[in-house]
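Overview (structure and organization)
These are the residues of each chain, in order.
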Amino acid sequence: MFKRNLIQTLSLFLFFTGNYQLLMAQQTTITLRADKPSGQISKHIYGHFAEHLGRCIYDGFYVGENSSIPNTAGVRNDIIAALKNLNIPNLRWPGGCFADRYHWKDGIGPKDKRPSVVNTMWGGVTEDNSFGTHDFLNMCKLLGTEPYLAGNTGSGTVQELSDWVQYVNFEGKSPMSDLRVKNGQEKPWDVKFWGVGNEAWGCGGNMTPEYYVGEYRKYATFMEGHNLFKIASGANVDDYHWTETLMKGIPLNMMNGIALHHYSFPAWDKKGPATGFTEQQYFETMKTALRMDELITKHTAIMDKYDPGKKVGLVVDEWGGWFDVETGTNPGFLYQQNTMRDAMIAGTTLNIFNNHSDRVKIANLAQCVNVLQAVILTNKEKMLLSPTYHVMEMYKVHQNATLIPVEVKTDDYIFGNDKLPSVSVSASKDAMGLTHVSVVNINKSKDEMIEIDITGQQYNSVSGRILTSPGIDDHNTFENPAYVKPVVFNGAVLKGGKLKIKLPPFSIAVLELK
Ligand code: AHR
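Sequence order as written defines the numbering, with residues in each chain counted from 1. With the structure being a predicted model, the display of local features is reserved for residues of pLDDT at least 70 and the display and counting of side-chain atom pairs for 80 or more, all residues being used for whole-chain, interface and lining totals. Working from all heavy atoms in the structure, the side-chain values ignore hydrogens and water.

**Here's the deal with the site of the ligand**
- One heavy atom within 4 Å of a molecule or strand is enough for the residue carrying it to be called near that molecule or strand. Neighbouring residues of the ligand: 13 residues in total, closest E51, C97, E199, Y263 and E318.
- Here an oxygen atom of the ligand and a side-chain polar atom of N198 are 3.1 Å apart.
- Side-chain atoms alone can form a polar contact between residues adjacent in sequence; in general such a contact is a pair of N or O atoms within 3.5 Å, and within protein one must be able to donate a hydrogen while the other accepts it. One of the side-chain N or O atoms of Y263 is found 2.8 Å from an oxygen atom in the ligand.
- Accessibility throughout is a Shrake-Rupley quantity obtained with a 1.4 Å probe, and a residue counts as covered only by protein chains that appear here. A total of 280 Å² of accessible area belongs to the ligand in isolation, and the protein chains cover 93% of it.
- We call Asp, Glu, Lys and Arg charged. Ala, Val, Leu, Ile, Met, Phe, Trp, Tyr, Cys and Pro are nonpolar, and the rest, Gly among them, are polar. Looking at the shell around the ligand residue by residue, the classes come out as seven nonpolar, three polar and three charged.

And the structure:
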């Protein structure tokens, strides 16, 4: 009774003092353990993915040398500039499912001599191979990013993959390096990241994990050269048996990474629209996105059993939101708009990766341009940066920084009979001594009053930016490309060693503490 009176009195007080918006707010407390800095957040967690799928490569990155759209060797200059601004650390290519259907020798040599084949995986369209190995690796140079080549262990051969490694990496004289030189590339590209197949449990060959272990060992043996980081095709979501079988069956000195794929949607068979979705669809999407934490924790526990020294990295080389294609577009092209919901997926997922950076060493958002949760959409000469782009740009401060562990007590975002944690956070300290905190409120309708206790470090100033918008499905269009974009955030105050933040519904702030 007394408690109820107190709450009523407090509510009236807040109402009459004009602070009635606090009634709608929730409360989260966070401790920043600046006294316990952890390991380095690998910049490769911020990687991207470009598949020969829909309009990602053709009519996306690559418009051809003769296009009227400004380009360098056929790659759009505006895309190059936008991605350089993200400091993209690595780019995975040519798939995806396409990788296990791709024969790299089709994509080298004079373009008019390259064979046209059918992209049986995505839309049954003609693939003229005009964008091949040289085009991709030279584009990576322009972007200042490390290539991650996904090898074909499905429809290819051991010899074919072994030849690809030699073609791109061998400095001395050999049939493959001679061919590379003949095709105009004197120096090898020195590609470090190699995928040994993709989704071997599905589109990569429908293998059992036991069978794939044997295939992996064989292919990896003949992928010869120094400094290769070999990534085994990993589990689909919560297939823990897959991870366990690989960890048990592949010697640690033969594998540097093991993949994991997990997408977010309301339901796999009812993905719903990318815009104009309901709150239920938003809530269910966030539920699958936040599941990434549990998946990483459980796959890590298995890996820890066989690899306590954490030599093998967990490589989440496909993640992101997957919704219905836009009306009127080819269903095999996976073209979807990108809203504040996608920004919520990106912000929370990247926080999860940062907080698990002792094991997660590489991750790739699917996909970079015009496919699934794209950071860039194009329409002829027009280009737009999606809300997800802005999250990636705001979070780039965490790349290679030292993780600062966080302890979080957050309220719930309640929908129906279900609930999710409202607030997600991660923090790091960069090489210049600046601390960055990225904080996300996924709650659809309530502000979050966040109080951050900082142990082991004194700060004098806070500044930051916020990505927020009035509607959860707000997005950028070719007519209004800058509708959603980050702005200066004035909702954080540093007082008495504590940081207080008022974060609006479905918004993301990245703060800098000095
Ligand atoms: O990213 C789209 C597809 O999703 C990829 O090609 C495949 O690996 C996954 O199933």
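**What about the pairing of strand β11 (residues 257–264)?**
- The buried count for β11 comes to eight of eight residues, which makes it a mostly enclosed element.
- Think of it in three bands: with a 1.4 Å probe and only protein chains considered, a residue is buried below 20% of the maximum accessible area for its type, exposed above 50%, and partly exposed in between. Secondary structure follows DSSP: runs of H or I at least 4 residues long count as helices, runs of E at least 2 residues long count as strands, and numbering of each begins at the N terminus. Covered by surrounding structure in β11 are G257, A259, H261 and Y263 together with I258, L260, H262 and S264, the residues of both alternating faces.
- Two elements, strand β10 (residues 229–236) and β11, share four bridges in a ladder whose sense is parallel. Following the sheet pairing, N236 is matched in β11 by H261.
- Crossover handedness is defined here as right-handed if the route from the first strand over the helix to the second strand goes clockwise, with the strands pointing away from the viewer. Read from β10 through helix α7 (residues 240–249) to β11, the crossover connection turns out right-handed.
- Bridge analysis of β11 against strand β12 (residues 313–321) gives seven bridges, and the strand direction is parallel. The rule for pairing is simple: two strands pair if DSSP sees at least two bridges between them.

**Notes on the domain arrangement of the protein**
- On domain assignment, one finds that the protein holds domain 1 (23–38 + 404–513) and domain 2 (43–399).
- Segment limits for the domains were obtained from an automatic or database-derived domain assignment. Once you take the C-alpha centre of each, domain 1 and domain 2 turn out to be 29 Å apart.
- In this assembly, 42 residues from domain 1 lie in contact with 39 residues from domain 2.
- Here, a salt bridge means any side-chain nitrogen of Lys or Arg that lies within 4 Å of a carboxyl oxygen of Asp or Glu. Taken together, the connections running from domain 1 to domain 2 amount to two salt bridges.
- For D418, the salt bridge is made with K287, and the minimal N-O distance between the two is 2.5 Å.
- At the boundary of domain 1 with domain 2, the tally comes to 18 residue pairs in polar contact (both at pLDDT 80 or more).
- For the side of domain 1 that touches domain 2, the secondary structure elements donating two or more residues are β18 (412–415), β19 (418–421), β20 (423–429), β21 (435–441), β23 (462–467) and β27 (507–513).
- For the side of domain 1 that touches domain 2, the element with the most residues is β20, which contributes five residues.
- Of the residues assigned to the side of domain 1 that touches domain 2, the class counts are 21 nonpolar, 13 polar and eight charged. We call two residues in contact whenever any of their non-hydrogen atoms come within 4.5 Å of each other.

**Notes on the side chain of Q336**
- Its place among the elements puts Q336 in the loop between β12 and α9 (340–355).
- A residue is classified by how much of its surface remains accessible, and Q336, at 1% relative accessible area, is buried.
- Among all residues touching Q336, those that are not within four sequence positions of it are A274, G321, W322, F323, D324, E326, D342, L372, Q373 and L377.

**A few points about the packing of aromatic side chains**
- Between rings of Phe, Tyr and Trp, where Trp is taken as its six-membered ring, a pair exists when centres lie within 6.5 Å; planes separated by under 30 degrees are stacked, by over 60 edge-to-face, and by other angles tilted. The final tally for this structure, using the stated rule, is 21 aromatic pairs.
- Plain terms: the ring middles of W104 and W164 are 6.2 Å apart, the flat faces sit at 10° to each other, and that makes the pair stacked. One end of the pair, W104, is in the loop between β5 (90–93) and β6 (117–119); the other, W164, is in helix α4 (residues 158–169), with 60 residues separating them in the sequence. There is no split in this pair, since W104 and W164 are both buried.
- With a centroid separation of 5.3 Å and an interplanar angle of 80°, the aromatic rings of F193 and F229 are classed as edge-to-face. Placement of F193 in strand β9 (residues 193–196) and of F229 in strand β10 is noted, with a sequence separation of 36 residues between them.
- The class of F193 is buried, set by a relative accessible area of 3%.
- An aromatic cluster of three or more residues is present, and its members are Y58, Y62, W93, F98, Y102, W104, F131, F136, W164, Y167 and W194.

**Brief notes about the pairing of strand β13 (residues 360–365)**
- The buried fraction of β13 amounts to five of the six residues, a majority that puts the element mostly inside the structure.
- Inspection of the sheet shows strand β2 (residues 47–49) paired to β13 by two bridges, in the parallel sense. The partner of H48 across the bridge, within β13, is L365.
- Read as a crossover between parallel neighbours, the route from β12 over α9 to β13 is right-handed.

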